[in-house]
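# Structural overview for review
For reference, the chains in residue letters:
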Amino acid sequence: MTAPARTTHRPLPNFDDPLYAPHFAGLERREILVQACAACGHKQWPPRDVCHACHKGGLTWAPVSHEGVVYTYMVAYRAFHPWFADRLAYGLVVADLGEGIRIMAPYPDTDVADLDCG
């Protein structure tokens, strides 16, 4: 007797994590939101409980540019999770969005040979 086929679901972050929930809500509206300090104006990613620059609370969320420059990247040729097995090779980029913000995201093109910094 063979085991029933199991559907492998994509591993996803915890969208309900209070520290990241505003960022994910922004993505649903096609906005990239990062924390902004009300005291000193510093923008930061990843989110923290206090401002990385002045160590004060009172953080809000502010939009940043959708465009950036590839700071670095990697190409995966082995799946770290079964969901990715049929999607190899795939790229991940760290994009510099300005204002000191760098965010990691999947490379949207399937031709990873085109990946390059800058």
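Treat the numbers as computed from the prediction; the structure is a model and nothing was measured.

Within a regular beta strand, the side chains point alternately toward one face of the sheet and then the other, so they alternate between its two faces. With six of its six residues buried, strand S1 (residues 32-37) lies for the most part within the structure. Bridge count between S1 and strand S3 (residues 59-64): six bridges; the pairing is antiparallel. In the strand pairing of S3, Val-34 is matched with Ala-62. Of the pairings in the sheet, the one linking S1 to strand S2 (residues 43-44) comprises two bridges and is antiparallel in character. When the sheet's bridge partners are listed, Gln-35 is paired in S2 with Gln-44. Joining the antiparallel neighbours S1 and S2 is a turn of five residues, in which Gly-41 adopts a positive phi near 85 degrees.

Turning our eyes to something else, we now look at helix H1 (residues 21-28). Every buried residue belonging to H1 is among His-23, Phe-24 and Gly-26, and all of these are buried. Axial view of H1: buried residues confined to an arc of 155 degrees, hence all on one face. Tucked into the core, H1 has its buried residues touching S1, S3 and strand S6 (101-106). Count one or two residues on from H1 and you reach Arg-30, which has phi positive near 65 degrees.

Before going further, it helps to spend a moment on the pattern of salt bridges. Pairs can form between side chains of opposite charge whenever their charged atoms are close. Scanning all chains against the criterion turns up three salt bridges. Put simply, Glu-31 and Arg-29 hold a salt bridge, and the shortest N to O gap is 3.1 Å. A residue is classified by how much of its surface remains accessible, and Glu-31, at 27% relative accessible area, is partly exposed. Glu-99 is paired through a salt bridge with Lys-43; the nearest N and O atoms lie 3.1 Å apart. A residue pair is termed long-range when its members are at least 10 positions apart, and Glu-99 in the loop between strand S5 (90-98) and S6 and Lys-43 in strand S2 qualify at 56 residues. Since its relative accessible area comes to 18%, Lys-43 is described here as buried.

About the thresholds
Residues numbered from 1 in each chain as written. Predicted model: local features only at pLDDT ≥ 70, side-chain atom pairs only at ≥ 80, totals over all residues. Heavy atoms only, no water. Buried < 20%, exposed > 50% of the residue type's maximum accessible area, 1.4 Å probe, protein only. Helix = DSSP H or I, 4+ residues; strand = E, 2+ residues; numbered from the N terminus. Pairing = 2+ DSSP bridges. Arc of directions from axis to C-beta. Contact = heavy atoms within 4.5 Å. Salt bridge = Lys/Arg side-chain N within 4 Å of Asp/Glu carboxyl O.

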